[in-house]
Amino acid sequence: MKKLERRAVLCLVLAGCLVFGLLVFLVRFGLSGTRWASSAFNRHLYNSQGMLISGTVLDRYGTPLCWVNEDGERVYIDGKTMRKAILHVVGDPYGNIGTGALTAFAKELTGYTLLGGAYGAERGNQLYLTIDAQLNEVAYQALNGKKGAVAVYNYQTGEVLCMVSSPSYDPRNIPDDLETNPDYEGVYLNRCLSSTFTPGSVFKLVTLSAALEQIPDLMERTWKCEGSAQIGDGTVTCTSAHGEQTIEQALANSCNVVFGQLAVELGGATLEEYTQKAGLTKSYSVSGIPTAKGTFTFQGSLTENDLAWSGVGQYHDSVNPCALMVYMGAIANGGKAAVPTLVQKVDTPGWPDLPQFTKKTGRLIAQDTAKEITDMMANNVTQTYGTKRFPGMDLCAKSGTAEVGSDQKPHAWFAGFLRNEDAPYAFVVLVENGGSGSDVAGTVASKVLKAALD
Ligand SMILES: [Zn+2]
C-alpha cells in the first residue's frame, strides 16, 4: 500500500512538472514566438546561406527594391548606384546590416503571426518603406564617394523620404575586401541611425536657444570679433575677424568668439539642460530601430576654455544625425516634431492595410524660441549661404565645419528645414572630412532638396 502511495506522489510530481513546463513554454512562445520564427535558423523562412526568402521590400511609390525570385533567391533592383543608395535602409542579404529592413522588419516581411504561423516564402508580405528610392540615388550620387550621411523627413508625418549612408556596396556584387579595406570602414552601420559625430557649428543652435531664454538683453547686445579671443586659459578662434555684430549676424557668421563667450556665461549646467531637452542625448525609436545617443561633457573637470569650445560644437560633443534632424523638425514645427518612421505600410495578401500612426516627440524647444531661431536660420541662408543655390525653397539652415583633428579635413554639416507648406521637410547632411559645411554639405543638401521638391 505504501509503495502504491509513493508511486502516486511521484506521478503527481511528474505531472506537475509537465504542466509547469508547458506553462513556461506558452508564456515564452507568446513573448518570443515571433522572434523564433524570424530567426535565421528557421529554414522555412531562410535558405541555407541565411538569406530571408520571404517578403518584398518596396519604396513609397511601390517600386520593388528587393524580392524573392522564382528560384527562391533574394534579388535587388537593377542599377548598381541605386542598390548602393538603398542598401542601408533595405539591408544586405546576410543580415550584417542589423538596421536594414530585411533584418529589422523580418517579422513584417514574413507575415508571421502567433496564431497563423508563417506561410513561408510563397506568402511573404509587401513591406512599403517611406523612402523614395530615386531621392536616395540622388543623395548617394551627391555624396560623390565620400563617407557620410544624408536624411530628409517630413516633420509633420514622420515619413523618412531619404536615408543614405556611405560607404556602401553593391549587394549583388559584394566586394572581396569589404571587411579589410579601410575605405569600407563601418560599412555595416547606417550612419544616420547608428553613429555619432562631432557636430561643430550646427550645435550653436542649442547654445542660441539657451541664450535666447536665459540672457534677457541678448537681442540688444553687440559683440566685436577680432578673429580670436582669450577665454579661460586658452583662445577661441574664428576663421576670420567678424567685426561688430548682433546675435543674428553672429549666427550667420558662425562666430566662435561670440558663441564661446555665451557658453561660458550660460554655464555647463544650463548647456546640458538645453542639450538634453533638444533630444540630442536620447535614443529615438525609428519604426522600432533605436538611434545612437549623442554624448556631451559640459560639467566636471573641464576648463572654461573647454566649455567655450563645447558651446560651439567641439570639445567632446557628439551627435547622431537622425536626432539632429528631428531637432530641426521641432524648430520648424513650433517645438515638437513627428518621430521619424521608415514603414509606410505592410500589405498582407487577403488582409486590409493597417493604418500607421504618427508619433510626436516631447517638447524639444519652447515655441517662441523656435520662432526666433527659425527667422535667424532663414537669415543665414539670405546673408551667408545664398538663396540662389536653393531655388523655390523657403529654407532655414545652419552649416557646421567640425574640426576632427589637425591631420584630417573637418566634417562638413548642413542641417535645417523647409517652410514650404506642401513640403514640410527637415534634413541633415554630413560629409565626413568633407571640408567646409556650407560649400560641401550645402551643395549636397541643395541637390537633394531640389530633387525632393520635383
Ligand atoms: Zn568671429
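Read on for an overview of the structure. None of these values were measured; they are calculated from a predicted model.

**A look at the coordination of the zinc ion**
Within the protein, the atoms that donate to the zinc ion are Cys-225 (SG), Cys-238 (SG), His-242 (ND1) and Cys-255 (SG), at distances of 2.1 to 2.4 Å. Coordination at the zinc ion comes from four donor atoms whose angles at the metal span 104 to 114°, giving a geometry best classed as tetrahedral. Summarised as a motif, the one-chain spacing of the donors to the zinc ion is C-x12-C-x3-H-x12-C. One end of the pair, Cys-225, is in strand E7 (residues 223–225); the other, His-242, is in the loop between strand E9 (234–237) and strand E10 (243–245), and 17 residues separate them in sequence.

**A look at the sheet that holds strand E16 (residues 425–431)**
As summarised here, the arrangement of the five strands in space is E6-E5-E16-E15-E14, forming an open sheet in which the pairing is antiparallel. Looking at the sheet topology across the chains shown, the edges are occupied by strand E6 (160–166) and strand E14 (395–402). Sheet twist, expressed as the average angle between the axes of neighbouring strands with direction ignored, equals 5°. Strand direction decides the pairing type here: strand E5 (residues 148–154) and E6, joined by six bridges, are antiparallel. Residue Ala-151 lies in a different strand from E6, and its bridge partner there is Met-163.

**Some thoughts on the nonpolar core**
Ranked by internal contacts, the top residues of the largest apolar core, which has 96 residues, are Leu-129 and Tyr-327. Sorting elements by how many residues they give to this core places helix H12 (residues 321–332) first, with nine residues. If near-sequence neighbours (up to four positions away) are discounted, Tyr-327 is found in contact with Leu-205, Val-206, Ser-209, Ala-278, Leu-280, Leu-364 and Ile-365.

**Notes on unusual backbone geometry**
Residue Pro-167 is reached from Ser-166 by a cis peptide bond, and omega for that bond is 10°. Tracing the chain through its elements places Pro-167 in the loop between E6 and helix H6 (191–194). With phi around 50°, Ser-254 is a residue other than glycine that occupies positive phi space. Structurally, Ser-254 can be placed in the loop between helix H8 (247–253) and helix H9 (256–266). Positive phi outside glycine occurs at Tyr-315, with the angle close to 55°. Structurally, Tyr-315 is set in the loop between helix H11 (304–311) and H12. Among the residues examined, Tyr-315 registers a relative accessible area of 29% and is labelled partly exposed.

**Concerning the packing of aromatic side chains**
Counting across every chain of the model gives eight aromatic pairs. Plain terms: the ring middles of Phe-296 and Phe-298 are 5.6 Å apart, the flat faces sit at 15° to each other, and that makes the pair stacked. Taken individually, Phe-296 and Phe-298 each receive the classification buried, so the pair is uniform in this respect. An aromatic cluster of at least three residues, connected via ring pairs, comprises Tyr-385, Phe-390, Phe-414 and Phe-427. Between the NZ or CZ atom of Arg-60 and the centre of the ring of Tyr-61, over which it lies, the distance is 5.7 Å. The ring of Tyr-128 carries Lys-345 above its face, with NZ or CZ at 4.6 Å from the centroid.

The rules behind the values
- Residues numbered from 1 in each chain as written.
- Predicted model: local features only at pLDDT ≥ 70, side-chain atom pairs only at ≥ 80, totals over all residues.
- Heavy atoms only, no water.
- Donors = N, O, S within 2.8 Å, 3.2 Å for Na, K, Ca; no water.
- Tetrahedral: all angles 85-135°; square planar, octahedral: opposite > 155°, others 65-115°.
- Helix = DSSP H or I, 4+ residues; strand = E, 2+ residues; numbered from the N terminus.
- Pairing = 2+ DSSP bridges.
- Axes fitted to C-alpha atoms, helices over the stretch in contact; angles between N-to-C directions.
- Core = buried A, V, L, I, M, F, W, Y, C linked by side-chain atoms within 4.5 Å.
- Buried < 20%, exposed > 50% of the residue type's maximum accessible area, 1.4 Å probe, protein only.
- Contact = heavy atoms within 4.5 Å.
- Phe/Tyr/Trp six-rings, centres within 6.5 Å; stacked < 30°, edge-to-face > 60°.
- Lys NZ or Arg CZ within 6 Å of the ring centre and 35° of its normal.

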